[in-house]
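Each chain is listed here by its residues.
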Amino acid sequence: MLDSKFYDMLSRLSLVLSHKSNMNMSGNRKSVQKGVSAEFSDFREYMPGDDLRRLDWNVYARLDRMYIREYMEEKEAVVNVLLDTSASMDYGEQKKSVLAQELAAAVSFLALNNMDRLILYDMKEMNRPLVQSGGKKSFAKVLDWLNLRRFEGETDMLEATRRMPLRGQGVTVLISDFLNPALVEKDDSGYEKILQYLNYRRQRPVVLQTLASEELHILMDGTRNLIDMETGQKLRVTMDAEAVRSYEEELQSLLERMKKGCVKARGFYAVCDTARDREKLIFEDLRELYDI
């Protein structure tokens, strides 16, 4: 996992939301409701029963009329994080599963540090999420939860997403390699259905596609027996120049399609390479995710 110096740097940032929160819990997000936080919003005329401490006496002195100062109420936003724990995530010399856990930890830290409500889901155990709030003092429980994940078997990401009990607007972060035929087939793709569902449920999608360096940059050659880590199916292929070129073209087409779909859904998309320096990945490649 990442070290304390990294989290100290991360504590200066907060997740960008594409909208204001409308949840009914206190926190650091600006709400559409009026309240008593420190950020001024507007004036309105005094009405019987209003708190006289909120009268603006300067306006009264100028206009001889009583006006109340209104402020934006600060609310707690909800950040959902869905972690793909299928067997394919445990692939790579530098494993995708390790990077996925680090990404989940970073997003969770940002949410808790900004006093948001965090809900962490293992896609294979959607009925047993970890729910945390109250600031970064809860972060140790997040690390414990992440360390207990086991990357094995298969996951149904579309079904997992639909099982989230979403209430109101928020951010949903999907961390996966997305290398599942049901997700990426061009006709009737599960990936587009996920984005459509999140948009319908007023969620800003954040898609972090975690790929091993060996998947992004093919170096193998000769005839190989490839084994699907989840189904056990085997495929014998000859990795000549034509096969590598065809793979790279298909992969690039997939990545472009995924990014286009996420942008259309007013979300954020990034490819996360397991070989990428962690500070450069999180502070540079994912920069659009943050406010300072």
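Check the entry above for the structure.
One structure accompanies this document, and this report is about it. (Residues numbered from 1 in each chain as written. Predicted model: local features only at pLDDT ≥ 70, side-chain atom pairs only at ≥ 80, totals over all residues. Heavy atoms only, no water.)

### Considering the overall build of the protein
When you go through the protein residue by residue, the secondary structure sums to ten helices and twelve strands. Carbon together with sulfur atoms contributes 48% to the accessible area of the protein, which is approximately 15700 Å² in total. (Helix = DSSP H or I, 4+ residues; strand = E, 2+ residues; numbered from the N terminus. Areas by Shrake-Rupley, 256 points an atom, 1.4 Å probe, with all protein chains shown as cover.)

### Details of the side chain of D56
Tracing the sequence through the fold places D56 in the loop between β2 (26-45) and α2 (57-63). A polar contact is formed between the side chain of D56 and the backbone nitrogen of N58, at a distance of 3.1 Å. Reaching out from D56, the side chain makes a polar contact with the backbone nitrogen of V59 at a distance of 3.0 Å. (Polar contact = N/O pair within 3.5 Å; in protein donor to acceptor, adjacent residues only side chain to side chain.)

### As for the environment of K141
With respect to the helices and strands, the residue K141 is situated in helix α4 (residues 139-147). Look at K141 and you get exposed, because its relative accessible area is 51%. As a C-alpha pair, K141 and L130 span eleven residues in sequence and 8.7 Å in three-dimensional space. Excluding its chain neighbours within four sequence positions, the residues that come into contact with K141 are L130 and Q132. (Buried < 20%, exposed > 50% of the residue type's maximum accessible area, 1.4 Å probe, protein only. Contact = heavy atoms within 4.5 Å.)

### With respect to the pairing of strand β11 (residues 268-273)
With five of six residues buried, β11 lies mostly within the body of the structure. Of the strand pairs in this sheet, strand β8 (residues 203-211) and β11 are connected by six bridges, and their pairing is parallel. Considered in β11, the bridge of L208 is made with A270. (Pairing = 2+ DSSP bridges.)

### Regarding a negative patch on the surface
A contiguous patch of negative charge on the surface is contributed by D3, D8, D277 and E279. Topologically, D3 is positioned in the segment before α1 (4-10). The exposure class assigned to D3 is partly exposed, which follows from its relative accessible area of 48%. (Patch = residues over 30% accessible without salt bridge, like charges linked within 9 Å, V, L, I, M, F, W, Y side chains within 5 Å. Salt bridge = Lys/Arg side-chain N within 4 Å of Asp/Glu carboxyl O. Lys, Arg positive; Asp, Glu negative; His and termini not counted. Charge placed at Lys NZ, Arg CZ, Asp CG, Glu CD.)

### Some words on a nonpolar patch on the surface
Taken together, L52, W57, Y60 and M66 make up a surface patch of nonpolar side chains, about 410 Å² in accessible area. Judged by relative accessible area, which is 33%, M66 ranks as partly exposed.

### Re the pattern of salt bridges
By the definition in use, this model includes twelve salt bridges. The residue D177 makes a salt bridge to K96 at a minimum N-O spacing of 2.8 Å. With D177 in the loop between β7 (170-176) and α6 (181-184) and K96 in helix α3 (residues 96-113), this residue pair connects regions lying 81 residues apart in the sequence. Residue class for K96 comes out buried when judged on its relative accessible area of 1%. In this structure, the salt-bridge partner of R276 is E284, at a minimum N-O distance of 3.7 Å. A residue is classified by how much of its surface remains accessible, and R276, at 28% relative accessible area, is partly exposed. Three or more residues joined by partner-sharing salt bridges are found here, namely D122, E125, R128 and R149.

### Considerations on the environment of G153
Relative to the helices and strands, G153 resides in the loop between α4 and α5 (157-162). For G153 and K124, which are 29 residues apart along the polypeptide, the C-alpha to C-alpha distance reads 8.8 Å. With near-sequence residues (within four places) excluded, G153 lies in contact with S86, A87 and E230.

### Section: the packing of helix α7 (residues 190-200) against helix α9 (residues 241-264)
The geometry of α7 relative to α9 is characterised by a closest axis approach of 10 Å and an angle of 15° between their N-to-C directions. By the criterion of interaxial angle, the relationship of α7 to α9 is roughly parallel. For the element pair α7 and α9, the recorded crossing hand is right-handed. The segment α7 lies against α9, with Y191, E192 and L195 engaging R257, M258, G261 and C262. Class assignment for the residues of the contact of α7 with α9 results in four nonpolar, one polar and two charged. (Axes fitted to C-alpha atoms, helices over the stretch in contact; angles between N-to-C directions. Parallel < 35°, antiparallel > 145°, perpendicular 65-115°, else oblique. Left-handed = near helix turned anticlockwise from the far one by under 90°. Nonpolar A, V, L, I, M, F, W, Y, C, P; charged D, E, K, R; others polar.)

### Topic: the packing of aromatic side chains
Summed over the entire model, instances satisfying the criterion amount to six aromatic pairs. For the pair Y7 and F109, a centre-to-centre distance of 5.1 Å together with 40° between the ring planes defines the contact as tilted. A residue pair is termed long-range when its members are at least 10 positions apart, and Y7 in helix α1 and F109 in helix α3 qualify at 102 residues. Take Y7: its relative accessible area is 8%, and that puts it in the buried class. Overall, F109 belongs to the buried group, its relative accessible area being 6%. Geometrically, the ring pair formed by F178 and Y191 is edge-to-face, given 5.7 Å between the ring centres and 85° between the ring planes. (Phe/Tyr/Trp six-rings, centres within 6.5 Å; stacked < 30°, edge-to-face > 60°.)

### Points about the pairing of strand β5 (residues 117-122)
Within β5, five of the six residues are buried, which leaves the element mostly enclosed by the surrounding structure. Relative to β5, strand β4 (residues 78-83) is paired through six bridges, and the arrangement is parallel. Residue V81 lies in a different strand from β5, and its bridge partner there is L120. Of the crossover connections in this fold, the one passing from β4 over α3 to the parallel β5 is right-handed. Pairing between β5 and strand β6 (residues 130-132): three bridges, direction antiparallel. Note that in β6 the partner of L120 across the bridge is L130. (Right-handed = clockwise from strand over helix to strand, strands pointing away.)

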